[in-house]
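Coordinate inspection notes
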Amino acid sequence: AFMACVLKRKEDAEATTKALKALNSEKLSAAAVDILGAFMACVLVIQGGLAQKVAVANSFVNLVIDKVEALVEFPEHADIQAWTGIFVRLALYAVVLPLTFLSGSLALAMNAAACGAYLTTEHGVRFLASIGKVPNAEEFLGSKKGFYAVGGLIVI
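Okay, so let's go over this structure. It should be emphasised that the depicted structure is a prediction, and the values quoted were computed from it without experimental measurement. (Residues numbered from 1 in each chain as written. Predicted model: local features only at pLDDT ≥ 70, side-chain atom pairs only at ≥ 80, totals over all residues. Heavy atoms only, no water.)

Quick notes on the overall build of the protein chain
Of the regular secondary structure elements, the protein chain holds seven helices and zero strands. Each helix and strand of the protein chain, placed in order from N terminus to C terminus, yields the pattern α-α-α-α-α-α-α. Taken over the C-alpha trace, the protein chain has a radius of gyration of 24 Å; the compact-globule value for 156 residues is 15 Å, which it surpasses by more than 25%. In terms of overall dimensions, the protein chain has C-alpha extents of about 75 × 50 × 40 Å along its principal axes. Taking all 156 residues of the protein chain together, the buried fraction comes to 17%. Accessible surface for the protein chain amounts to roughly 11,400 Å². Of this, 69% is attributable to carbon and sulfur atoms. (Helix = DSSP H or I, 4+ residues; strand = E, 2+ residues; numbered from the N terminus. Rg over C-alpha atoms; globule rule 2.2 N^0.38 Å. Buried < 20%, exposed > 50% of the residue type's maximum accessible area, 1.4 Å probe, protein only. Areas by Shrake-Rupley, 256 points an atom, 1.4 Å probe, with all protein chains shown as cover.)

This is the structure:
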């Protein structure tokens, strides 16, 4: 029984050594720092103030940027597409950030409405495509009809 226990511990030690060798210590350390940073950001946002307003604005801009970029096209400036995307994002921040400072609760409500509208539209259209009511879900979601559906749900 004693030898079986020693062999079991040796196997466990070898398995642990193998697992630790498979892990990259630098990536694990970076992940721990990221988690700690996210926790600290959550604490700052919960306490309110500037961090909360910037987080709400960032969340809203990240939700709507794809639809806005799909609407705004610069065909004659296709060579600087990355820069036009940055300018569109900057314009959204220029509208949303002051809104969050002036009326934080309205911005938070718009953020929640946008999140719900995206979830409802995306999953609703995929369901309709699965039962044959919509021919192609991706095509519909990328079209102006999809934009109008999301916009209508946000307004409601």
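Focus: helix α5 (residues 104-130)
For α5, built from 27 residues, the straight-helix expectation of 39 Å at 1.5 Å per residue is met to within 8% by its first-to-last C-alpha distance of 39 Å. Taken as a whole, α5 has its buried residues at A107, N111, A114, A117, Y118, T121 and V125. If you follow the buried residues of α5, they end up packed against α3 (50-71), α4 (81-102), α6 (137-142) and α7 (144-155). After α5 finishes, the residue G132 shows a positive phi value of roughly 90°. (Expected span 1.5 Å × (residues − 1). Contact = heavy atoms within 4.5 Å.)

A word on the pattern of salt bridges
Following the criterion strictly, the structure yields two salt bridges and no others. The residue R126 makes a salt bridge to E122 at a minimum N-O spacing of 3.4 Å. Here R126 pairs with E122, and both are found in helix α5, just four residues apart, close to one helical turn. The class for E122 is partly exposed, based on a relative accessible area of 35%. (Salt bridge = Lys/Arg side-chain N within 4 Å of Asp/Glu carboxyl O.)

Focus on the packing of α5 against α7
The N-to-C vectors of α5 and α7 enclose an angle of 135°; their axes lie 8 Å apart at closest approach. Taken together, the axis directions place α5 and α7 in an arrangement best described as oblique. Like other packed secondary-structure pairs, α5 and α7 cross with a definite hand, here right-handed. In this structure, α5 uses A113, A114, A117, Y118, T120 and T121 to contact α7, whose residues at the interface are G146, A149, V150, L153 and I154. (Axes fitted to C-alpha atoms, helices over the stretch in contact; angles between N-to-C directions. Parallel < 35°, antiparallel > 145°, perpendicular 65-115°, else oblique. Left-handed = near helix turned anticlockwise from the far one by under 90°.)

Some details on a nonpolar patch on the surface
A surface patch of nonpolar side chains, about 540 Å² in accessible area, is lined by I80, W83, I86, F87 and L90. As for its placement among the helices and strands, I80 is situated in the loop between α3 and α4. (Patch = residues over 30% accessible without salt bridge, like charges linked within 9 Å, V, L, I, M, F, W, Y side chains within 5 Å.)

A look at the environment of G142
As for its placement among the helices and strands, G142 is situated in helix α6. Residue class for G142 comes out exposed when judged on its relative accessible area of 55%. Expressed as a C-alpha distance, the spacing of G142 and K67, which sit 75 residues apart in the sequence, is 7.9 Å.

Section: the side chain of T100
Within the element layout of this structure, T100 appears in helix α4. Among the polar contacts made by the side chain of T100, one reaches the main-chain carbonyl oxygen of L97 at a distance of 2.6 Å. Beyond its immediate sequence surroundings of up to four residues, T100 is in contact with K53, V56, A57 and A107. (Polar contact = N/O pair within 3.5 Å; in protein donor to acceptor, adjacent residues only side chain to side chain.)

Regarding the nonpolar core
If you look at soluble globular proteins, the nonpolar side chains tend to sit buried side by side. By size, the foremost hydrophobic cluster in this structure holds twelve residues: A57, F60, V61, V64, I65, V88, L92, V96, A114, A117, Y118 and V150. For this core, the secondary structure elements donating two or more residues are α3, α4 and α5. Ranked by residues supplied to this core, first place goes to α3 with five residues. Beyond its immediate chain neighbours, meaning those up to four positions away, A114 contacts F60, L63 and I154. (Core = buried A, V, L, I, M, F, W, Y, C linked by side-chain atoms within 4.5 Å.)

Read these as layout, nothing more, since geometry by itself doesn't imply function.
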